[in-house]
Amino acid sequence: MRKLWFLGVGAALLLAACTPKEKEQSQTTESKPEVVKQELTRKVKVVQATSGVLSSDRTVSVTLSPVKESFVGSTGSGQVKAILAPEGTAVQKDQTVIELDTDALNTQVSNAELSVRSAQINLDKARKAQQESLVLLQAQVATASQSLKLAQKRYSEGLELQKVGGIAQLDLQNLSLNVSNAENQLQSAQDSLTRTGRSGKEDLALLEVQVSQAQNQAQTARKAMQDARIKAPFGGVINEVSVNVGEFLSTGARAFRISDPSTLEGVFRLPPEQSSQFTVGTPLVLKFAGKDYTARLVRQSQVPGQDRLIELVARVGAAGQIPAGSTATLAYDLRIAKGTLVPASALRVTEGITQVFVVKDNLAKAVQVSSLGEADGKVALSGLQGGEHVIYPLPAELTEGTRVEVVQ
């Protein structure tokens, strides 16, 4: 009996000793799913994909040149008397820049004007003399005409008297002779009048030519005086003077260079696929000395040059704030592609297949996409809808179906 009691107590003790261990194993077995779940859930961040146009801010250096620039040639010839607008001087249109010696030209102008007055006096005198001669001859023609009429009347009366025997034949012949003489006198007076009028016109025409020649000479002399003052063709800045005081300057020789710095142009070149995005009037930004200036495209070539680039020209109104010849930076917005925009590093390329991972029902889902263009750390895609939550940054070990938790 005592032996059985000892066996019972031993079994009880053994059972009591085993129970905590079994409980611990049971608890460990029950907690295993929780541990696995924590290990399989990956915390990630996401960005929302947006539909739009991917563009990139680009810059190019341009050297600015004046739109209006001219090398001005001398309009006259002579010794340089004075330089009234040295290099760097701002001038107005028609302002004198260089003045030539005009002493000899002044004498030429005076002599030419005297010749004009002398020729005009001769012409006026000839016109007056002709007018007086014509008046006298016209009076002679009128007198001869009256004498002819009187002789013809007396002859007609003589013929009537002859019919009744009231006049002798000799007297009638004398009356007929008077008519012939009167006719001859009238014809002579008319001939004199005609000759005087014709010769007077010829003389006057010659004198008028002389007056015209004298006037042309005077005009030429006055123009030479004007040409001795070489003027600015437009308002601007004198960039270069090609002569010095005392040097001889011939007609047409380069005298100075002038430019208008208020409006400048810069030339730049782009590939054809980029230049096609620009049209005349496209707004641009010119950066110089820490300031931004509004520029616009004014023209572009239609065919590529030898470097296979298209030449474009931008214009900026600097109003004297940017010196001509300066190098500035031209900024423009270049359109890359239209699609769904995400960060470029959100893509994974495996064996030529491009994918992004989106979050669907707390799982990572791979979406195959195609890249349309990339710029400034972003990429435009096709195959992805706007509004999708794309995993970014993309963990290297992330796989399809991984359970994820989105965190901020």
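An unreviewed UniProt entry lists the protein chain under the name RND transporter, with Deinococcus roseus given as the organism.

A.B. asks: It is not clear to me how the overall build of the protein chain should be interpreted in this structure. Could you clarify?
C.D. replies: Counting secondary structure elements, the protein chain contains four helices and 21 strands. Going through the 408 residues of the protein chain one by one, you find that 32% of them count as buried. Nonlocal contacts in the protein chain, meaning residues at least 24 apart in sequence, comprise 76% of its contacts between residues at least 6 apart. Within the structure as shown, the protein chain displays about 25,400 Å² of accessible surface, and the carbon and sulfur contribution to it stands at 51%.

A.B. asks: Would you take a moment to explain the packing of aromatic side chains for this structure?
C.D. replies: The relative placement of two aromatic rings is captured by the distance of their centres and the angle of their planes. Taken as a whole, this structure holds two aromatic pairs when the rule is applied. Relative to Tyr332, the ring of Phe268 has its centre 6.4 Å away and its plane inclined at 25°; by these criteria the two rings are stacked. Within this pair, whereas Phe268 is found in strand 10 (residues 254-270), its partner Tyr332 is found in strand 14 (residues 327-343), the two being separated by 64 residues in sequence. A relative accessible area of 2% means that Phe268 is categorised as buried. Tyr332 sits in the buried class, given a relative accessible area of 8%. What links up through ring pairs into an aromatic cluster is the set Phe268, Phe278 and Tyr332.

A.B. asks: Quick question: what am I supposed to make of the pattern of salt bridges here?
C.D. replies: When their charged atoms lie close together, side chains carrying opposite charge are able to pair. Tallying each qualifying case throughout the model produces 13 salt bridges. Among the ionic pairs, Glu113 bridges to Arg222, the shortest N-O distance being 3.5 Å. Of the two residues, Glu113 is situated in helix 2 (residues 103-163) and Arg222 in helix 3 (residues 169-227); the sequence distance between them amounts to 109 residues. For Arg222, a relative accessible area of 37% corresponds to the partly exposed category. With a closest N to O distance of 2.8 Å, Asp227 and Lys223 form a salt bridge. Of this pair, Asp227 and Lys223 both sit in helix 3, four residues apart, which is roughly one turn of the helix. Residue Asp227 is classed as buried on the basis of its relative accessible area, which comes to 14%. One connected set of salt bridges, linked through shared partners, spans Glu69, Glu240 and Arg257.

A.B. asks: I tried to follow the confidence of the model for the protein chain on my own but got confused; where do I start?
C.D. replies: The predicted coordinates ought not to be read in detail in places where the model reports low pLDDT. Here the protein chain shows a mean pLDDT of 86. Residues at 70 or above account for 90%. A low-confidence stretch, residues 1-39 stays under pLDDT 50, and its non-local contacts, those more than four residues away or across chains, total zero contacts.

A.B. asks: Would you mind going over the pairing of strand 6 (residues 96-100) with me for this structure?
C.D. replies: For a regular strand, side chains alternate in direction, first toward one face of the sheet and then toward the other. Summarising burial for strand 6: five of the five residues are buried, a large majority. Judged from the three bridges that link them, strand 4 (residues 78-83) and strand 6 form a sheet pairing that is antiparallel. Note on strand 6: the bridge partner recorded for Val80 is Leu100. When strand 6 meets strand 7 (residues 229-231), the two strands line up antiparallel, connected through three bridges. Residue pairing across strands places Glu99 opposite Arg229, the latter belonging to strand 7.

A.B. asks: When you look at the sheet that holds strand 6 in this model, what are you seeing that I'm missing?
C.D. replies: Two modes of strand pairing occur in sheets, parallel and antiparallel, and in both the strands are linked by backbone hydrogen bonds. Spatial ordering of the open sheet is given by 7-6-4-9, a layout of four strands whose pairing is antiparallel. A strand with exactly one partner marks an edge of an open sheet, and here the two such strands are strand 7 and strand 9 (248-249).

A.B. asks: Even after reading the chapter, I still don't get unusual backbone geometry, so can you show me in this structure?
C.D. replies: Trans peptide bonds make up most of the peptide bonds, and negative phi angles are found at most residues other than glycine. Cis rather than trans, the peptide bond between Tyr392 and Pro393 has omega equal to 0°. Tracing the backbone shows Pro393 in the loop between strand 20 (389-391) and strand 21 (404-406). The backbone phi angle of Ala289 is positive, close to 50°, even though this residue is not glycine. The residue Glu351 is not glycine, and still its phi comes out positive at about 50°. The topology assignment puts Glu351 in the loop between strand 15 (348-350) and strand 16 (353-360). Residue classification places Glu351 among the exposed residues on the basis of a relative accessible area of 79%.

A.B. asks: Looking at this structure, I do not really get the environment of Ser371. What am I missing?
C.D. replies: Relative to the helices and strands, Ser371 resides in strand 18 (residues 370-375). Setting aside residues no more than four positions away along its own chain, Ser371 makes contact with Val379, Ala380 and Leu381.

A.B. asks: Would you explain the nonpolar core in this entry?
C.D. replies: Soluble globular proteins tend to pack their nonpolar side chains together in the buried interior. Core analysis: the biggest nonpolar cluster contains 31 residues, and Val97, Ile98, Ile230, Ile238, Leu249, Phe256 and Ile258 have the highest contact counts within it. Those elements that place two or more of their residues in this core are strand 6, helix 2, helix 3, strand 8 (236-241) and strand 10. Ranked by residue count, the leading element in this core is helix 3, at seven residues. Excluding residues within four positions of it along the chain, Phe256 makes contact with Ser70, Phe71, Val72, Val97, Ile98, Ile230, Lys231, Ala232, Ile238, Glu240, Val241 and Ser242. Core analysis: the second largest hydrophobic core is formed by 23 residues, Leu264, Leu270, Leu284 and Ile310 among them.

What counts and how
Residues numbered from 1 in each chain as written. Predicted model: local features only at pLDDT ≥ 70, side-chain atom pairs only at ≥ 80, totals over all residues. Heavy atoms only, no water. Helix = DSSP H or I, 4+ residues; strand = E, 2+ residues; numbered from the N terminus. Buried < 20%, exposed > 50% of the residue type's maximum accessible area, 1.4 Å probe, protein only. Contact = heavy atoms within 4.5 Å. Areas by Shrake-Rupley, 256 points an atom, 1.4 Å probe, with all protein chains shown as cover. Phe/Tyr/Trp six-rings, centres within 6.5 Å; stacked < 30°, edge-to-face > 60°. Salt bridge = Lys/Arg side-chain N within 4 Å of Asp/Glu carboxyl O. pLDDT = per-residue confidence, 0-100. Pairing = 2+ DSSP bridges. Core = buried A, V, L, I, M, F, W, Y, C linked by side-chain atoms within 4.5 Å.

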